[in-house]
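Given next are the chains, with one letter for each unit.
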Amino acid sequence: MNDLATPKVGFVSLGCPKALTDSELILTQLSAEGYATSKTFAGADLVIVNTCGFIDDAVRESLDTIGEALAENGKVIVTGCLGAKAGEGGGNLVKQMHPSVLAVTGPHATQEVMDAVHLHLPKPHDPFVDLVPAFGIKLTPKHYAYLKISEGCNHRCSFCIIPSMRGDLVSRPIGDVLKEARALFEGGVKELLVISQDTSAYGVDVKYRTGFFDGKPVKTRMFDLVQQLGELAKPFGAWVRLHYVYPYPHVDELLPLMAEGLVLPYLDVPLQHAHPDVLKRMKRPASGERNLERLQAWRAVCPDIVVRSTFIAGFPGETEAEFQYLLDFLREAEIDRAGCFAYSPVEGASANALDGALPQELREERRARFMAVAEEVSAAKLARRVGQNLQVLVDSAPMLGKKGGVGRSYADAPEIDGTVKLLPPEKASKQLKVGEFTRARVVAAEGHDLVAVPV
Ligand code: SF4
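Residues numbered from 1 in each chain as written. Predicted model: local features only at pLDDT ≥ 70, side-chain atom pairs only at ≥ 80, totals over all residues. Heavy atoms only, no water.

### So, the nonpolar core
This is how the line gets drawn: Nonpolar core, defined: a set of buried Ala, Val, Leu, Ile, Met, Phe, Trp, Tyr and Cys residues in which side-chain atoms within 4.5 Å join the residues together. To sort residues, take the accessible area from a 1.4 Å probe on protein chains only and compare it with the maximum for the residue type: under 20% means buried, over 50% means exposed, and anything in between is partly exposed. A contact between two residues is defined here by any heavy atoms of the two lying within 4.5 Å.
In this structure, Leu 229, Leu 242, Leu 267, Phe 311, Phe 329, Ile 335 and Phe 370 are the most contacted members of the largest nonpolar core, which totals 61 residues. Residues within four places of Leu 242 in sequence aside, it is in contact with Val 194, Val 226, Leu 254, Met 258, Tyr 266, Leu 267 and Asp 268. Of all hydrophobic cores here, the second largest spans 18 residues; its members include Val 12, Ala 44, Val 49 and Val 104.

### Some remarks on the packing of aromatic side chains
For clarity, the cut-off: When two rings of Phe, Tyr or Trp (its six-membered ring) have centres within 6.5 Å they constitute a pair, described as stacked for plane angles under 30 degrees, edge-to-face for angles over 60, and tilted for the intermediate range. Runs of E in the DSSP output that reach at least two residues are strands. Runs of H or I that reach at least four are helices, and both are numbered from the N terminus. Here, a charge over a ring means that NZ of Lys or CZ of Arg falls within 6 Å of the ring centre while also lying within 35 degrees of the ring normal.
Under the counting rule described, the total for this entry stands at six aromatic pairs. With a centroid separation of 5.2 Å and 75° between ring planes, the pair formed by Phe 315 and Tyr 343 is classed as edge-to-face. Of the two residues, Phe 315 is situated in the loop between strand 14 (306–313) and helix 11 (320–333) and Tyr 343 in the loop between strand 15 (337–342) and helix 12 (360–383); the sequence distance between them amounts to 28 residues. On the basis of relative accessibility, which here comes to 0%, the residue Phe 315 falls in the buried class. Ring pairs connect the aromatic residues Phe 159, Phe 315 and Tyr 343, which therefore count as one cluster. The ring of Tyr 266 has Arg 241 sitting right over it, with the charged end atom 4.5 Å from the ring centre.

### Thoughts on a negative patch on the surface
To keep it simple, the criterion reads: Residues enter a patch when their relative accessible area is above 30% and they make no salt bridge; the linking distance is 9 Å between like charges and 5 Å between nonpolar side chains (Val, Leu, Ile, Met, Phe, Trp, Tyr). The Shrake-Rupley method, run with a 1.4 Å probe, gives the accessible areas here. Residue values count only the displayed protein chains as cover. Here, a salt bridge means any side-chain nitrogen of Lys or Arg that lies within 4 Å of a carboxyl oxygen of Asp or Glu. Think of it this way: Lys and Arg go in the positive column, Asp and Glu in the negative one, and His and the chain ends go nowhere. Charge positions are represented by NZ for Lys, CZ for Arg, CG for Asp and CD for Glu.
On the surface, Glu 61, Asp 64, Glu 68 and Glu 72 cluster together into a negatively charged patch. Residue placement: Glu 68 occurs in helix 2 (residues 56–72).

### Some words on helix 2
For the record, the criterion: A helix is expected to span 1.5 Å multiplied by its residue count minus one. Throughout, the arc means that of the directions going from the helix axis to the C-beta atoms.
With 17 residues, helix 2 should cover 24 Å at 1.5 Å per step; its first-to-last C-alpha distance of 24 Å lies within 8% of that length. Those residues of helix 2 lying buried are Ala 58, Val 59, Ser 62, Leu 63, Thr 65, Ile 66, Ala 69 and Leu 70. Viewed along the axis of helix 2, the buried residues span an arc of 160°, placing them on a single side of the element. Exposed and facing more than 90 degrees away from the buried side of helix 2 are Asp 57 and Ala 71. Among the structural elements, strand 1 (8–13), strand 3 (46–51), strand 4 (76–80) and helix 3 (93–97) are those in contact with the buried residues of helix 2.

### Some points on the confidence of the model for the chain
Under the convention used in this document: Scored from 0 to 100, pLDDT records how confident the predictor is in each individual residue.
With 95% of its residues at a pLDDT of 70 or more, the chain has an overall mean of 91. Confidence drops under pLDDT 50 across residues 126–130; counting only partners more than four residues distant or on other chains, this segment forms six contacts.

### A look at the state of the cysteines
Disulfide: a covalent bond formed between the sulfur atoms of two cysteine residues. What counts, and what does not: By definition, disulfides here are pairs of cysteine sulfur atoms that lie within 2.5 Å.
Enumeration over the complete set of coordinates arrives at zero disulfides. Unpaired in terms of disulfides, Cys 81 finds its nearest cysteine sulfur in Cys 52, a separation of 6.2 Å. Of the residues examined, Cys 81 reaches a relative accessible area of 8% and is grouped as buried. Left unpaired, Cys 340 is separated from the closest cysteine sulfur, that of Cys 157, by 16 Å.

### So, empty space enclosed by the protein
Keep this limit in mind: Space inside and on the surface of the protein is sampled on a 1 Å grid over the protein atoms alone, with a cavity defined as a set of points where a 1.4 Å probe fits but cannot get out and a pocket as an open set with protein on both sides within 12 Å along at least 5 of 7 lines; lining residues have an atom within 4 Å of a point. Grid points are joined across faces, edges and corners, and a volume is the space filled by probe spheres set on the points. Just so you know the grouping, Ala, Val, Leu, Ile, Met, Phe, Trp, Tyr, Cys and Pro go in nonpolar, Asp, Glu, Lys and Arg go in charged, and all remaining residues, Gly too, go in polar.
In this structure the tally under the stated criterion is two cavities of 30 Å³ or more. Of the voids in this model, the largest cavity is the one considered here, and its volume is about 50 Å³. Of the residues that constitute the lining of the largest cavity, the class distribution is seven nonpolar, two polar and one charged. In this structure, the second largest cavity encloses a volume near 40 Å³. Every residue along the wall of the second largest cavity is listed here: Asp 22, Leu 25, Ile 26, Asn 50, Thr 79, Gly 80, Pro 107, His 108, Ala 109 and Thr 110.

### Things to note about the packing of helix 6 (residues 174–186) against helix 7 (residues 222–233)
How we decide: Here the axes come from fitting lines to C-alpha atoms, over the contacting stretch only for helices, and the angles between their N-to-C directions go from 0 to 180 degrees. Angles are sorted into four bins: roughly parallel if under 35 degrees, roughly antiparallel if over 145, roughly perpendicular if 65 to 115, and oblique for all others. If you view the pair so one helix is near and one far, a crossing is left-handed when the near helix is turned anticlockwise from the far one by less than a right angle, and right-handed when it is turned clockwise.
Contact geometry of helix 6 with helix 7 gives a least axis separation of 10 Å together with a crossing angle of 25°. The orientation of helix 6 relative to helix 7 falls into the category roughly parallel. Judged by the sense of rotation from one axis to the other, the crossing of helix 6 with helix 7 is right-handed. Of helix 7, the residues touching helix 6 (which contributes Ile 174, Val 177, Leu 178, Ala 181, Arg 182 and Phe 185) are Leu 225, Gln 228, Leu 229, Leu 232 and Ala 233. Partitioned by chemical class, the residues of the contact of helix 6 with helix 7 number nine nonpolar, one polar and one charged.

### Some remarks on the side chain of Arg 308
Note the following rule: Pairs of N or O atoms are called polar contacts if they sit within 3.5 Å, as long as, within protein, a hydrogen donor faces a hydrogen acceptor (for residues adjacent in sequence, only side-chain-to-side-chain pairs).
Relative to the helices and strands, Arg 308 is located in strand 14. A distance of 2.6 Å separates the side chain of Arg 308 from the side chain of Asp 417, its partner in a polar contact. Apart from the residues within four sequence positions on either side, Arg 308 is in contact with Tyr 266, Leu 267, Asp 268, Val 269, Arg 337, Ile 416 and Asp 417.

### A few points about the pattern of salt bridges
Where charged atoms from two side chains of opposite charge come close, those side chains can pair. The tally for this structure, following the rule as stated, stands at 29 salt bridges. A salt bridge links Asp 336 to Arg 299; the shortest N-O distance between them is 3.4 Å. You can see Asp 336 sitting in the loop between helix 11 and strand 15 and its partner Arg 299 sitting in helix 10 (residues 291–301), a full 37 residues away along the chain. The exposure classification of Asp 336 matches that of Arg 299, with both residues buried. Beyond isolated ion pairs, a larger network of salt bridges with shared partners links Glu 318, Glu 320, Glu 365, Arg 366 and Arg 369.

Structure (structure tokens):
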């Protein structure tokens, strides 16, 4: 143990925002029990690695990190999606590759991880429970936070193995979710990012059960949740941003809330494709919905809405005509922010058994063609912003913004979208502060970003 008697845990968090919230829960618990954290493997008494097992690159990165932690520290606990993955012959993959790890758990396993920590690094005697803020430990900057509303997924998309790792949908009780949101706003969070595997399905597993918040009944249902989050954010002037929303008909109910400014007019809708036959082969949720009409109807109710989506090019059996249909959709639906992956088989996914696998070069070529169109669409939409006056949340502002800074508008989610490059403010007396809002006039569009002058 280190010489300061407080046991120190090194922590590495890999993977998606959902894994990040698992990391936050574990770190909050460690801190509540009086453990300290170490920035280096060598300075820690034990290391926890929260892994990702989604695509092959992520698996490699996770296994390499575990190897490094073992080499530099020796005492390693592994958690996260890779921890739930089977290796050759059916045994646990992590244990096969790194037999000396102390313990391995799957995702969403705070208690199991804590049990393993207690076993290998006993709890300190005097936990500083009151040093932990009400909203726990956050790994994101202080002004934005992810709010996980459910775990797991009831769908079985043919390219995805998440349900086999995380199980079926389990919605968090609405009272707990709203309590966490309020604590986050009270703790200074200015942007709340709602995440799950399938936000539109919130409450399906509990039949939209009525829960309680502040003694009042609230249904476990997406509309009620979003409305309540918007009301909670209002006194703080904070943003609420929705991710992973599938285009089911009931999502239409959210548009008036966006139009009236209660939550951001931004929807992250992972569509993956547009052609009905490809969607069917992908076994996508809402594959029978008329997505183009739906998006157009959303824009009619809320013309400012920004739609982000991700797509897969070169899925098994995708014909040139199906791919062209996707490109046409992208143009017609005017997807503001589109990401695209060249299809890559994931071990254990049912899509691997589909006929018509396309050569790697063709998948890559289609991805590149997709991105060229996506950039054209996005650039045209960004160009329309020049001259607009936008509210911008400041992410970085050295010297109080004297030489400018970087922020984001409602159209930009952190990490995945563009940014607003802030020029030095017009008035010399104006200051920019990280985590605060400023108004800014857009003067140019550059690639995925805007350039604006704080006013
Ligand atoms: S909706 Fe499909 S892609 Fe998303 S987690 Fe569920 S099975 Fe995977």
